[in-house]
Amino acid sequence: MDLFVSIFTATIIAATPLILAALGELIVEKSGVLNLGIEGMMLIGAAFGVWAHFAGLPMFLAVVIAVLAGMASSLLFGVLALTFMTNQYAAGLALAIFGAGVSAFIGRGFGSTPVEAIQPIDIPGLSNIPVIGEMFFHYDPLVYFSFVMFGAVSWFLYQTKAGLTLRAIGESPDSAHAIGFHVIRIRYLAVMFGGGMAGLGGAYLSLVYTPLWVENMTAGRGWIALALVVFSAWRPKRVVLGAWLFGGMTILQLQGQAMGLAIPSEVLSSLPYLATIIVLVLISQNRQAMALDFPVSLAQPFRPKG
Amino acid sequence: MKRATRREMLKYGAAAGLASGLTTWPGMGRAADTLKVGAVYVSPVSEIGWTKQHSLGVEAIQAEFGDKVEVTVIDNIFRPQDAERVFRELAGAGNDLVFGTSFSHGTPMQKVAPRFPETKFEHCSGIKHLKNLGTFEAKYFEGTYLAGVTAGHASKSAKIGFIGGFPIPDIVGPANALLLGAQSVNPDVTCNVIFLNSWFDPGKEKEAAKTLIAQGCDVICSMTDTATGVQVAGENDAWSIGYASDMSKFAEGKQLTAFTLNWAPVYVRAANSVAAGNWTSTEQWLGLADDVVQMAPYNPELPADVITAAEKAQADIVSGALHPFGGEVKDQSGQVRVKEGETLPIADIRGINWFVEGMIGNLG
């Protein structure tokens, strides 16, 4: 039972940075913009969060700085991709590489210096329930925030007029423009939301999960978040499921290794990727339903006519 | 306006290449008696870790030679394809001695060295030698054996957890020695092993450490390039063993000891012999006796007799009375690999691809 609880909680925590970054990218892609630079934005968030922490700011503000840094870096992408209408793939890849460099520069003085991590919070009454309390009510604030963001993103996309507008712009920016929506302005907002969430995901790694800065510490999580959005067929629920599946498989393969399963560690290490892709492809098999969720104008530059 | 000739283009191109690749390029002019030393690191120098220990070696050369040495350091060069260009530039710029600090620097150094016979190359973790390319490596297993002695005492559950970057002999050997050291104290100790298949993924390392702790391990030893393993152990009230640098400030008082790497003697010796003109290509495998592997201060919470036992083991390894891979050593399947009274030959340790009895893990 203890082992199960430990796997469960480790999964939830391991999935949190993925959920944050992927939910951000989901909104970006739903608006018809493809930002491949998540990895770079996460690194920038992670580095600026640590920088702010060592500048003496309280933890809450360090997280805010990380979000702002992620947003600022996404603005760079926005200017290139939306204002100057460059190729979105190229601009996103450039941001990924740029972010790795900038974050290395910002973090230069703090390499492998321990950070006072954000601690889990206890919810009075609930956290003391045996097993359940440990499984559900003993996380740091950002884990709960990721749940809140999942609810907020789902509600926004499918229950609000603004969400409908966003989706319409992703489907057909020309029609949305024709009935008077500011396509570029709304896409900018979406891109900045994505940047902020990626920055937050990065800060989760450097301030909470492994509280220290090391170069390239995201270790590919930005790319996994990107893949989750695509394989989940642009559905928030599946993004979260995919992230949990990926996190859970990572933990399980480590458990398997530590138990001495007679499978080479290289094969076990690849399991999370395989399992996540297979499951998400299987549940996204209905082509018609998928076509409905796919933002048709994805990665196409929009030039307002008239 | 004059049209640029091809020759000029080449010149400018080379200048741009130098400017972009070598930010810390020193002045080109130098006195004839100045030794020029170049070093290539895999990552930037941070507070702790692999590259930090190499930077201390370079600093030792600077301390020894003062203004008689000119040092060029290039960091963050891991991939062989980048490394080849950097080594060629360092040699081309007239460095007398060039250090490579990663196994991945091996192939590029082997390519570059024959073209610059005047430059001496020293390669850490290297295998292949050339006339002007020597190698050096630490006997990590001597350090893990001593750490194992303390772990054997400290572990209440008789379960140690080991996290390695990759299943390669340089990791498998030390993991084996860790358990052999622990078993020398308590024969019932076992060791669960996880390979991350990455040198550098703090997130995954944390998950691995938590996994090992969840499975009952109460001592964690992590041979990667971050302090995460030590940090997670401290958070979860488990003991830890640091690698490369003393990691006690990450450990919340729970670091038993650390086996640290002191490359300074290697660096200074190489610089001295190049300066004296009598450098030859050697294969150095150095350990406790050479002060290349050192033990960080033992945790004050360890009982005095445990520290004495570890110190005695250290003295015996130095004197040769004790060999971490001294028989009898059985492998995972119970087959005897080293007979009573024998020791595992050096070549077999450097190429070790099997786990000793009591290891719980798989090498595929």
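All of these numbers come straight from a predicted model, not from anything done at the bench.

Engineer: Lay out the overall build of chain A in plain terms, naming residues and giving numbers.
Structural biologist: The number of helices and strands found in chain A is 13 helices and 0 strands. Sequence-ordered secondary structure for chain A, helices as α and strands as β, is α-α-α-α-α-α-α-α-α-α-α-α-α. A compact globule built from 306 residues should have a C-alpha radius of gyration of about 19 Å, and chain A, at 20 Å, falls within 12% of that. Counting only C-alpha atoms, chain A reaches 65 × 50 × 45 Å along its principal axes. Here chain A, with 306 residues, has 50% of them falling under the buried criterion.

Engineer: Tell me about the overall build of chain B, and please be specific about residues and values.
Structural biologist: A tally of helices and strands in chain B yields 11 helices and 15 strands. The globule rule puts the C-alpha radius of gyration for 364 residues at 21 Å, and the 22 Å found for chain B is close to it. Counting only C-alpha atoms and orienting by the principal axes, one finds that chain B spans roughly 80 × 40 × 40 Å. Looking at chain B residue by residue over its 364 residues, the buried ones come to 50%. Here the analysis covers contacts within chain B between residues at least 6 apart in sequence; of these, 64% occur between residues at least 24 apart.

Engineer: A description of the interface of chain A and chain B should follow, citing residues and the corresponding values.
Structural biologist: With 34 residues of chain A in contact, the opposing surface of chain B contributes 35 residues. For the side of chain A that touches chain B, the elements supplying multiple residues, two or more each, are helix 1 (2–30), helix 9 (183–209), helix 11 (236–259) and helix 12 (265–283) of chain A. Among the residues making up the side of chain A that touches chain B, the classes are represented as 19 nonpolar, 12 polar and 3 charged.

Engineer: Provide a residue-level description of the domain arrangement of chain B, including the pertinent values.
Structural biologist: Residues and elements named next belong to chain B. For chain B, the assigned domains read domain 1 (31–138) and domain 2 (140–259 + 295–360). Taken over C-alpha atoms, the centre of domain 1 sits 30 Å from the centre of domain 2. Among the elements that line the side of domain 1 that touches domain 2, the one with the most residues is helix 2 (residues 50–65), at 3 residues.

Engineer: Tell me what's going on with the UniProt feature "domain: ABC transporter substrate-binding protein PnrA-like" (unreviewed entry) in chain B, and back it up with residues and numbers.
Structural biologist: Within the UniProt annotation, "domain: ABC transporter substrate-binding protein PnrA-like" (unreviewed entry) is assigned to residues 36–300 of chain B. Secondary structure content for residues 36–300 of chain B is 38% helix and 24% strand, while the C-alpha to C-alpha distance between its ends is 43 Å.

Engineer: Describe in detail the sheet that holds strand 11 (residues 283–286) of chain B, supporting the description with residues and values.
Structural biologist: Backbone hydrogen bonds are what pair the strands of a sheet, in a parallel or an antiparallel way. All names here are of chain B. The 6 strands lie next to each other as 2-1-3-4-5-11, forming an open sheet whose pairing is parallel. On the outer flanks of this sheet lie strand 2 (69–74) and strand 11, each paired with one strand and no other. Geometrically, the sheet is characterised by an average inter-axis angle of 15 degrees between neighbouring strands, direction not taken into account. Where strand 1 (residues 35–40) and strand 2 come together, 6 bridges link them in parallel fashion. Following the sheet pairing, Ala39 is matched in strand 2 by Val73. Along the sheet face, helix 9 (residues 264–276) touches strand 1, strand 3 (97–100), strand 4 (120–124), strand 5 (133–138) and strand 11 and points at about 145 degrees away from the line of strand 1.

Engineer: Describe the nonpolar core, listing the residues and the values that go with them.
Structural biologist: Counting 190 residues, the largest nonpolar core has A:Leu18, A:Ala22, B:Ala151, B:Ile160, B:Leu178 and B:Val219 as its most contacted members. Shared between two domains, this core holds at least three residues of each, these being domain 1 (31–138) and domain 2 (140–259 + 295–360) of chain B. Other than its neighbours up to four places away in sequence, B:Leu178 contacts B:Thr144, B:Ala147, B:Gly148, B:Ala151, B:Ile160, B:Phe162, B:Cys191 and B:Cys221.

Engineer: Tell me about the environment of A:Thr160, residues and numbers included.
Structural biologist: By secondary structure assignment, the location of A:Thr160 is in the loop between helix 6 (141–159) and helix 7 (161–171). Spatially, the C-alpha atom of A:Thr160 lies 26 Å from that of A:Pro17, the residues being 143 residues apart in sequence.

Engineer: I'd love a proper account of the sheet that holds strand 6 (residues 159–164) of chain B, names of residues and values included.
Structural biologist: Spatial ordering of the open sheet is given by 12-10-9-8-6-7-15 (chain B), a layout of 7 strands whose pairing is mixed. Of all strands in the sheet, those with a lone pairing partner are strand 12 (293–295) and strand 15 (359–360) of chain B, marking the two edges. Summarising the sheet, strand 7 (residues 190–195) of chain B and strand 15 of chain B pair through 2 bridges and their orientation is parallel. If you follow B:Asn192 over to strand 15 of chain B, its bridge partner there is B:Ile360. Packing against the sheet, helix 11 of chain A makes contact with strand 7 and strand 15 of chain B, and its axis sits at approximately 140 degrees to strand 7 of chain B.

Engineer: Tell me about the environment of B:Ala309, residues and numbers included.
Structural biologist: Of note, B:Ala309 is situated in helix 10 (residues 304–319). Since 19 C-beta atoms lie within 10 Å of it, B:Ala309 is described here as partly exposed.

Engineer: Give a detailed account of helix 6 of chain A, specifying residues and quantitative values.
Structural biologist: All names here are of chain A. Between its terminal C-alpha atoms helix 6 stretches 26 Å, which fits the 27 Å expected from 19 residues at 1.5 Å a residue. Among all positions in helix 6, only Leu142, Val143, Ser146, Met149 and Val153 are buried. In a view along the axis of helix 6, the buried residues occupy a sector of 105 degrees, so they form one face of it. Turned more than 90 degrees away from the buried face of helix 6, the exposed residues are Val148, Gly151, Trp155, Tyr158 and Gln159.

Engineer: Quick rundown of the pairing of strand 10 (residues 255–261) of chain B? Include the residues and the values.
Structural biologist: Residue and element names in this part refer to chain B. Burial runs high along strand 10: 7 of the 7 residues are buried. Bridge analysis of strand 9 (residues 239–244) against strand 10 gives 5 bridges, and the strand direction is parallel. Paired with Ala244 across the bridge in strand 10 is Thr260. For strand 10 and strand 12, the ladder comprises 3 bridges, and the chain directions are antiparallel. Note on strand 12: the bridge partner recorded for Thr260 is Gln294.

Engineer: Quick rundown of the confidence of the model for chain B? Include the residues and the values.
Structural biologist: The predicted model of chain B has a mean per-residue pLDDT of 88, with 91% of residues at 70 or higher. Interface confidence for the predicted complex, given as ipTM, is 0.81, next to a pTM of 0.84.

Engineer: Account for the packing of helix 7 (residues 202–214) of chain B against helix 8 (residues 228–235) of chain B, with residues named and values stated.
Structural biologist: Residue and element names in this part refer to chain B. Their axes nearest at 9 Å, the elements helix 7 and helix 8 cross at an angle of 40 degrees. As the angle between them shows, helix 7 and helix 8 are arranged oblique. Crossing geometry of helix 7 relative to helix 8 is assigned as right-handed. Contacts between helix 7 and helix 8 involve Pro202, Glu205, Lys206, Ala209 and Lys210 from the former and Thr228, Gly229, Val232 and Ala233 from the latter. Partitioned by chemical class, the residues of the contact of helix 7 with helix 8 number 4 nonpolar, 2 polar and 3 charged.

Engineer: How would you sum up the confidence of the model for chain A? Please name residues and give values.
Structural biologist: Per-residue confidence for chain A gives a mean pLDDT of 90, with 99% of residues at or over 70. Per-element averaging of pLDDT across chain A places helix 13 (residues 287–293) of chain A at the bottom with 79 and helix 3 (residues 59–83) of chain A at the top with 96.

Engineer: Lay out the packing of helix 7 of chain A against helix 9 of chain A in plain terms, naming residues and giving numbers.
Structural biologist: Residues and elements named next belong to chain A. Packing of helix 7 against helix 9 brings their axes to within 11 Å, and their N-to-C directions diverge by 110 degrees. As summarised for this structure, helix 7 and helix 9 are arranged roughly perpendicular, according to the angle between their axes. Mapping the contact onto sequence places Thr165, Leu166 and Ile169 in helix 7 and Val183, Ile186, Arg187 and Ala190 in helix 9. The residue inventory of the contact of helix 7 with helix 9, partitioned by class, reads 5 nonpolar, 1 polar and 1 charged.

Engineer: If you had to explain the environment of A:Leu274 to someone new, which residues and values would you point to?
Structural biologist: Tracing the chain through its elements places A:Leu274 in helix 12. Taking the C-alpha atoms as reference points, A:Leu274 and A:Met249, 25 residues apart in sequence, are found 9.6 Å from one another.

Reading the values: rules and limits
- Residues numbered from 1 in each chain as written.
- Chains lettered and ligands numbered in written order.
- Predicted model: local features only at pLDDT ≥ 70, side-chain atom pairs only at ≥ 80, totals over all residues.
- Helix = DSSP H or I, 4+ residues; strand = E, 2+ residues; numbered from the N terminus.
- Rg over C-alpha atoms; globule rule 2.2 N^0.38 Å.
- Buried ≥ 20, exposed ≤ 12 C-beta atoms within 10 Å, placed from the backbone.
- Contact = placed C-beta atoms within 7 Å.
- Nonpolar A, V, L, I, M, F, W, Y, C, P; charged D, E, K, R; others polar.
- Domains from an automatic or database assignment.
- UniProt positions renumbered as here; feature names shortened; annotations may be inferred.
- Pairing = 2+ DSSP bridges.
- Axes fitted to C-alpha atoms, helices over the stretch in contact; angles between N-to-C directions.
- Core = buried A, V, L, I, M, F, W, Y, C linked by C-beta atoms within 7 Å.
- Expected span 1.5 Å × (residues − 1).
- Arc of directions from axis to C-beta.
- pLDDT = per-residue confidence, 0-100.
- Parallel < 35°, antiparallel > 145°, perpendicular 65-115°, else oblique.
- Left-handed = near helix turned anticlockwise from the far one by under 90°.

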